[in-house]
Amino acid sequence: MTRINILPPLVADMIAAGEVVERPASVIKELMENSFDAGAKKVTVEFKSGGATYIKISDDGCGMSPEDAGIAFTRHATSKLHDEKGLEAIGTMGFRGEALAAIAAVSHIELITREKGAPEGVRVTVRAGDIVDMSPCGCPEGTTMIVRDIFHNTPARLKFLKSDRSEASACIAAAMHCSLGRPEVSVRLKRDGEEVFFTPGDGREESAVYALLGRETAHGMLPVSGKTEAMSVTGFTSSPAFGRGNRANQHFYCNGRYIKSVLLQAAVEQAYKNTLLTGKFPSCVLYLELSRGAVDVNVHPAKTEVKFSDEKKVFDLVYQTVRACLEAERKPLEIRLSEGTKKAVSEPKSDFFRSMPAEEYRAKAVFQNAAPERRAAPVFRAPTEYDRPLPAEREKPAAAVNFAPKVSASPKNDAFPAFSPPPARENVEKAVENVEKISAPACRVIGEALDTYIIAEIDDELMLIDKHAAHERMIFDRLKTQERQIMSQTLLAPVIIRPTAEDAEIMDKNSALLDEMGFEVEPFGQSSYAVRAVPDDVDVSEAASALEEICEKLRGGDKVSAESARDEILHTVACKAAIKAGRRHDISELERVACAVASGEVRYCPHGRPVSARLTKKQLDKFFSRIV
Ligand code: ADP
Ligand code: MG
């Protein structure tokens, strides 16, 4: 073996560069972060073709003194960290002093910078890590960095670059991620001289979302916000109607830093369970803030992976916050910007974030999104504080007040939580006022079409409702929120079933769960089982097929979590209990379903399919050319 040799600094930097500078997009990320750290309010990023030949970033930040500019390219030269104590409380994006050294090692850099208040600036030319020229120059306050010919001296890395198109996409994505994390900084991105996006930097997260993700995504976003003592999460998450085919529009930030996190992704997706179609993913932009000690950003050279000291707390906060937002969903937030901002922001021009023209959007939205502005708060809501007697008045007789809208009485009220009327006069008044505030639109059922769809008129809209899907959801929600055990009906005569050996095993293994869900099943003879009780909602004639379906769903064995096994069983029960397509139903039954849909309470079936489609009078009038 040859003797140990200390590597020359350039070689060491080139090796380090491999970690920090993976591709041109990493240069954009590092330089933008430096601009943010320098307190810039305006940043302009330009690149040519795929970024490898030319990247230029200008900012109006604090700039550098000539001395600092002279050592900025030296490895471990940083103004952001002085000793190991500071490492615990890093507040800046950078701190290792590695980026500039690494970038300089594999490219040619021109730095033009002027410190705030300094009479003149300095221009520094760096070739493959060495400063070859440094001279005073006139320039605005702030810093401009031009990086040329990335990987010119590491042909192996150059070879690994993808096509200009995909490198450009990565550059745009990197700039987008940085900008989305900093709504208070105005960023302009140009590719080959053409503007790709511009963010206004007005400090509003919604402005950044609109400018960067485009109108279509912004339209479907709901604001979220939640916090615990130690951390907070804010941002936006998509309405379930706006599910995407992939996760490309999930963006997570931790203390302003864009991060990739399987944990946060899982927390968000878990919150959408039962509302999003299988194969669809939510979009979100979530800003997590937590004390600097509670997160370690020092686990990955690009700092895109972080380690939370208490993962469960982070998961729970994000899950609960998104979940609460979806449950409270009334109408997707329409991001409102002033005309001025809209013009200034414009829409992202690159097809990378293709946005739909307004007309196309509206056309799609009609059926997808059941007229958001018309969605009133549910009348059939969970009991509020007014619904419960006040402690002192609990014993007094209750005054009668009828909250329900005009629907025919139905012997079995499936959908609506029973509530006890409020007892005292002022409470009654308060409650009436409350109900008036949230009164549901007038809903009139016209009839049923094709034995499948309810046709209803709601204020000035025509609504088609998939009666089975809507009813299924109503039952599913009721079962799910039911605190006590599921009501079960003991059958007069047990139903004898003959499951396959595999199904029998599944039933044995899950007997406690089945019991809890209202099915009482026990072995009966050699290979038969007796079903002695089924959930209240399931008809006897459906007992065998319900159990068969449940066994099919539980076949995943240990891979199915207890929670999702329960949900699956509830799906089956709800499906079996719901009114069926292909059969005629009594108008009163249809009315109950239509009212629940009209109130906005029921929007998706438990599998995430939409339950209704609406046509406004205006759309019909337009169609028939009554109006132009
Ligand atoms: P780090 O960001 O980890 O400190 P870098 O190598 O990215 O390391 O930058 C080295 C130093 O150069 C920074 O600490 C900062 O003092 C200075 N610097 C880099 N970019 C800028 C900029 N745009 N404006 C002002 N100073 C900068
Ligand atoms: Mg840096």
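Model, not experiment: these values are computed from the prediction.

Quick notes on the rules
- Residues numbered from 1 in each chain as written.
- Chains lettered and ligands numbered in written order.
- Predicted model: local features only at pLDDT ≥ 70, side-chain atom pairs only at ≥ 80, totals over all residues.
- Heavy atoms only, no water.
- Helix = DSSP H or I, 4+ residues; strand = E, 2+ residues; numbered from the N terminus.
- Buried < 20%, exposed > 50% of the residue type's maximum accessible area, 1.4 Å probe, protein only.
- Contact = heavy atoms within 4.5 Å.
- Areas by Shrake-Rupley, 256 points an atom, 1.4 Å probe, with all protein chains shown as cover.
- Near = heavy atom within 4 Å.
- Polar contact = N/O pair within 3.5 Å; in protein donor to acceptor, adjacent residues only side chain to side chain.
- Nonpolar A, V, L, I, M, F, W, Y, C, P; charged D, E, K, R; others polar.
- Pairing = 2+ DSSP bridges.
- Salt bridge = Lys/Arg side-chain N within 4 Å of Asp/Glu carboxyl O.
- Axes fitted to C-alpha atoms, helices over the stretch in contact; angles between N-to-C directions.
- Expected span 1.5 Å × (residues − 1).
- pLDDT = per-residue confidence, 0-100.
- Phe/Tyr/Trp six-rings, centres within 6.5 Å; stacked < 30°, edge-to-face > 60°.
- Parallel < 35°, antiparallel > 145°, perpendicular 65-115°, else oblique.
- Left-handed = near helix turned anticlockwise from the far one by under 90°.

Notes on the overall build of the protein
Right, so step 1: The number of helices and strands found in the protein is 19 helices and 22 strands.
Right, so step 2: Burial status across the protein gives 49% buried among its 628 residues.
Right, so step 3: Across the protein, every contact between residues at least 6 apart in sequence was considered, and the portion connecting residues at least 24 apart equals 72%.
Right, so step 4: Taken as a whole, the protein presents about 31,100 Å² of accessible surface, with 53% of it coming from carbon and sulfur.

Observations concerning the site of ligand 1
Right, so step 1: Near ligand 1, the surroundings consist of 18 residues, among which Thr78, Ser79, Lys80, Gly97 and Leu100 are the closest.
Right, so step 2: One nitrogen or oxygen atom from the main chain of glycine 97 is found 2.7 Å from an oxygen atom belonging to ligand 1.
Right, so step 3: At 2.8 Å, a backbone N or O of leucine 100 approaches an oxygen atom of ligand 1.
Right, so step 4: Compared with its free state, where it exposes 530 Å², ligand 1 has 94% of that area covered by protein.
Right, so step 5: Here the residues of the shell around ligand 1 sort into 7 nonpolar, 7 polar and 4 charged.

Some thoughts on the pairing of strand E7 (residues 186-191)
Right, so step 1: Bridge count for strand E1 (residues 42-47) against E7 is 6 bridges, and the pairing is parallel. From the neighbouring strand, phenylalanine 47 faces E7, where its bridge partner is arginine 191.
Right, so step 2: Bridge count between E7 and strand E8 (residues 194-198): 4 bridges; the pairing is antiparallel. Paired with leucine 189 across the strands is phenylalanine 197, a residue of E8.
Right, so step 3: In this antiparallel pair of consecutive strands, E7 and E8, the connection spans 2 residues, and aspartate 192 shows a positive phi of 50 degrees.

What to know about the pairing of strand E20 (residues 520-524)
Right, so step 1: As paired strands, E20 and strand E21 (residues 528-535) are joined by 5 bridges and run antiparallel to one another. Residue pairing across strands places phenylalanine 524 opposite serine 528, the latter belonging to E21.
Right, so step 2: Once E20 ends, the chain turns through 3 residues before running back antiparallel as E21, passing glycine 525 with a positive phi of about 75 degrees.

Comments concerning unusual backbone geometry
Right, so step 1: In this model, phenylalanine 151 sits at a positive phi of 70 degrees, which is unusual for a non-glycine residue.
Right, so step 2: Residue placement: phenylalanine 151 occurs in the loop between strand E6 (142-148) and helix H5 (155-160).
Right, so step 3: Unusually for a residue other than glycine, serine 625 sits at a positive phi of about 55 degrees.
Right, so step 4: Structurally, serine 625 can be placed in the segment after helix H19 (617-623).

Some words on the pattern of salt bridges
Right, so step 1: Using the criterion set out here, one finds 29 salt bridges in the structure.
Right, so step 2: Where aspartate 477 meets arginine 473, a salt bridge forms, and the shortest distance between an N and an O atom there is 3.2 Å. With aspartate 477 and arginine 473 both in helix H13 (residues 467-481) and 4 residues apart, the pair spans about one turn of that helix.
Right, so step 3: Glutamate 549 is the partner of lysine 576 in a salt bridge, and the nearest nitrogen-oxygen pair spans 3.3 Å. Of this pair, lysine 576 sits in helix H17 (residues 562-577) while glutamate 549 sits in helix H16 (residues 543-554), placing them 27 residues apart in sequence.

Some points on the sheet that holds E21
Right, so step 1: An order of E19-E21-E20 is seen for the 3 strands of this open sheet, with the pairing classed as antiparallel. Of all strands in the sheet, those with a lone pairing partner are strand E19 (488-497) and E20, marking the two edges. Taking the axes of each pair of neighbouring strands and ignoring which way they run, one obtains an average angle of 15 degrees across the sheet.

Brief notes about helix H18 (residues 587-598)
Each α-helix winds once per 3.6 residues, and so residues spaced three or four apart point in a common direction.
Right, so step 1: Along its 12 residues, H18 runs 16 Å from first to last C-alpha, staying within 8% of the 16 Å computed at 1.5 Å per residue.
Right, so step 2: Burial analysis of H18 places 10 of its 12 residues in the buried class, which makes it a mostly covered element.
Right, so step 3: Where H18 is concerned, the buried positions are Ser588, Leu590, Glu591, Arg592, Val593, Ala594, Cys595, Ala596, Val597 and Ala598.
Right, so step 4: Contacts from the buried residues of H18 go to strand E16 (443-449), strand E17 (453-458), strand E18 (461-466), H13 and strand E22 (612-616).

Quick notes on H16
Right, so step 1: Spanning 12 residues, H16 covers 16 Å between terminal C-alpha atoms, matching the ideal 16 Å at 1.5 Å per step.
Right, so step 2: Among the structural elements, E19, helix H14 (501-509), helix H15 (511-516), E20, E21 and H17 are those in contact with the buried residues of H16.

Let's talk about the sheet that holds strand E4 (residues 121-127)
Pairing between sheet strands relies on hydrogen bonds along the backbone, with the strands arranged either parallel or antiparallel.
Right, so step 1: Strand order in the open sheet made by the 8 strands is E5-E4-E3-E6-E2-E1-E7-E8, with mixed pairing throughout. Strands at the two margins of the open sheet, each flanked by one partner only, are strand E5 (130-137) and E8. Looking at each pair of strands side by side, their axes are set apart by 15 degrees on average, direction ignored.
Right, so step 2: Bridge count for E4 against E5 is 7 bridges, and the pairing is antiparallel. Opposite valine 124, over in E5, you have methionine 134 as the bridge partner.
Right, so step 3: Across the sheet, helix H2 (residues 24-37) lies against E1, strand E2 (54-59), E6 and E7, angled at about 10 degrees from E2, the strand it touches most.

Observations regarding the confidence of the model for the protein
Right, so step 1: Per-residue pLDDT for the protein has a mean of 79; in total, 77% of the residues score no lower than 70.
Right, so step 2: Under a pLDDT of 50 for its full length, residues 330-334 has, in the predicted model, 24 contacts with residues more than four places off or in other chains.
Right, so step 3: For residues 348-439, every residue scores under 50 in pLDDT, and the model assigns this stretch 151 contacts once sequence neighbours within four places are set aside.

Observations concerning the packing of aromatic side chains
Right, so step 1: Inspection of the entire model under this criterion finds 4 aromatic pairs.
Right, so step 2: Between the aromatic rings of phenylalanine 623 and phenylalanine 624, the centroid separation amounts to 5.0 Å while the plane-to-plane angle is 90 degrees, which identifies the pairing as edge-to-face.
Right, so step 3: Among the residues examined, phenylalanine 623 registers a relative accessible area of 64% and is labelled exposed.
Right, so step 4: Put simply, the rings of Tyr253, Tyr258 and Tyr287 touch in pairs and so form one group of aromatic residues.

Brief notes about the packing of H13 against H17
Right, so step 1: Taken N-terminus to C-terminus, the directions of H13 and H17 make an angle of 135 degrees; their axes are 8 Å apart at the nearest point. Considering their axes alone, H13 and H17 lie oblique with respect to each other. Both H13 and H17 take part in a crossing whose hand is right-handed. On the side of H13, the interface is formed by His468, His471, Glu472, Ile475, Phe476, Leu479 and Lys480, while H17 contributes Glu563, Asp567, Leu570, His571, Val573, Ala574, Cys575 and Ala577.
Right, so step 2: Taken together, the residues that form the contact of H13 with H17 break down as 8 nonpolar, 3 polar and 4 charged.

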